[in-house]
Amino acid sequence: MVATQARHDVKDLSLAVLGKQRIEWAGREMPVLRQIQERFAQEKPFAGVRLVACCHITTETAHLAIALKSGGADAILIASNPLSTQDDVAASLVADHGIAVYAFRGEDNDTYQRHVRIALDHKPNIIIDDGSDVVATMIQERQELLADLIGTTEETTTGIVRLRAMLKDGVLTFPAVNVNDADTKHFFDNRYGTGQSTLDGIIRATNILLAGKTIVVAGYGWCGKGTAMRARGMGANVVVTEIDPVKAIEAAMDGYRVLPMSEAAAVGDVFITVTGNKHIIRQEHFESMKDGAIVCNSGHFDIEIDLKALKELSSEVKIVRNFTEEYRLKSGKSVIVIGEGRLVNLAAAEGHPSAVMDMSFANQAMACEYLVKNKGKLEPGLYSIPVEVDQEIARLKLQAMGITIDTLTASQIDYMNSWTSGT
Ligand code: ADE
């Protein structure tokens, strides 16, 4: 136990014993972040830096927070989703690591907003955001804090979409690092992480057999690709819905049936939304679904399934299992909703496995260091993770996985740099 108790609003500090054990377990799969933490502990890049991290409070996020604290950061953690906090992890971060945490599973919207405001009262120099709620609130309500802000980092596709909208509206007046677009982030976290953890959430919530089911995946971005791939791997017949013609061709050539949702609604047994947009499944779709169809969302916000419309169609809603509700429609059919339409992989399971979050959070840690090292030198705008950082993270991950790869010979390097040798 640390001597000083960090500030907190968590469910129950006595859960710290379990949280500590689970955080340690996750660490076994996070060798890249561990190496960064060890370097941070020596170099203290964040000495004197006030940092806010708005993330899903999981065992993996715990390792990010510990790395930042080892580097000298004065950090506060808040939840980026009301249903994703692992209360034992939050307790251990406070009790065992002296890190301030304002998050508990099931917090209501007012509490969520209150925690965002507490985080802003910390007057952050660096903000790590997952969905851009803290950054958006700061711009809308706390402009005076911009003077102390060195920069922000963003974890997820949805947050990047919001940052681009801020840029377009001329309100992004600071450097923001797009962690999501690093190759070592979205190729792995969005694809293999979402792919596995989404099915994990559905299985934990329902215990249904996926083999032989028709699973409709709405959206064929990296998360959709991973989800479709893993659903097919479990023996499901996968249908993809898309609005982007190129992605739709890709899905078709990857061997999936591509349908508009108006047709997919009638054939699906399970529906998974991963689009980042609102009302992907709405009234007319619920009306044509099979009795007992299961719907869930693995996109960032709980807007993809129009639950308000579903409620209006229903005469009764009851909890049928953990994280699982049955909506009994006035027509007599029922629709099953997992995790209240929030991220199913975090609401009903534990989010992406540690091995992929290792790379995502290595990118986050390095992005924060990059911002601090370049304090005052970066123009306002959206920055990519430097290619060298991406490559270094991949190299460290390969090393940890015991995989060696080839290197170019001198003549291959010459060849790649020349235009004179052709046919
Ligand atoms: N987003 C998805 N999975 C996650 C995890 N395990 N930890 C933090 N953020 C996540």
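Before reading on, note that the structure itself is shown above.
Residues numbered from 1 in each chain as written. Predicted model: local features only at pLDDT ≥ 70, side-chain atom pairs only at ≥ 80, totals over all residues. Heavy atoms only, no water.

A. Seen up close, the layout of surface pockets. Put simply, the second largest pocket is a space of about 460 Å³. Lining the second largest pocket are 19 residues; nearest its centre among them are F188, M359, K397, L398 and M401. Contributing elements (two or more residues each) for the lining of the second largest pocket: α8 (183–206), α15 (354–373) and α16 (387–401). The leading source of residues in the lining of the second largest pocket is α16, at 7 residues. (1 Å grid on protein atoms, 1.4 Å probe; cavity = no way out; pocket = protein on both sides within 12 Å on 5 of 7 lines; lining within 4 Å. Points joined across faces, edges and corners; volume = space filled by probe spheres on them. Helix = DSSP H or I, 4+ residues; strand = E, 2+ residues; numbered from the N terminus.)

B. Local environment of the pairing of strand β13 (residues 314–321). Of the strand pairs in this sheet, β13 and strand β14 (residues 324–329) are connected by 6 bridges, and their pairing is antiparallel. Bridging across to β14, E316 finds its partner in R328. Between β13 and β14, which follow one another and run antiparallel, lie 2 residues, and F323 among them has a positive phi close to 65 degrees. (Pairing = 2+ DSSP bridges.)

C. Spotlight on the sheet that holds strand β6 (residues 151–154). With parallel pairing, the 8 strands of this open sheet are ordered in space as β1-β4-β3-β2-β5-β6-β7-β16. Looking at the sheet topology across the chains shown, the edges are occupied by β1 (8–9) and β16 (381–384). Across 3 bridges, strand β3 (residues 74–79) lies against strand β4 (residues 100–102) in parallel orientation. Along β4, the bridge assignment pairs I76 with A100.

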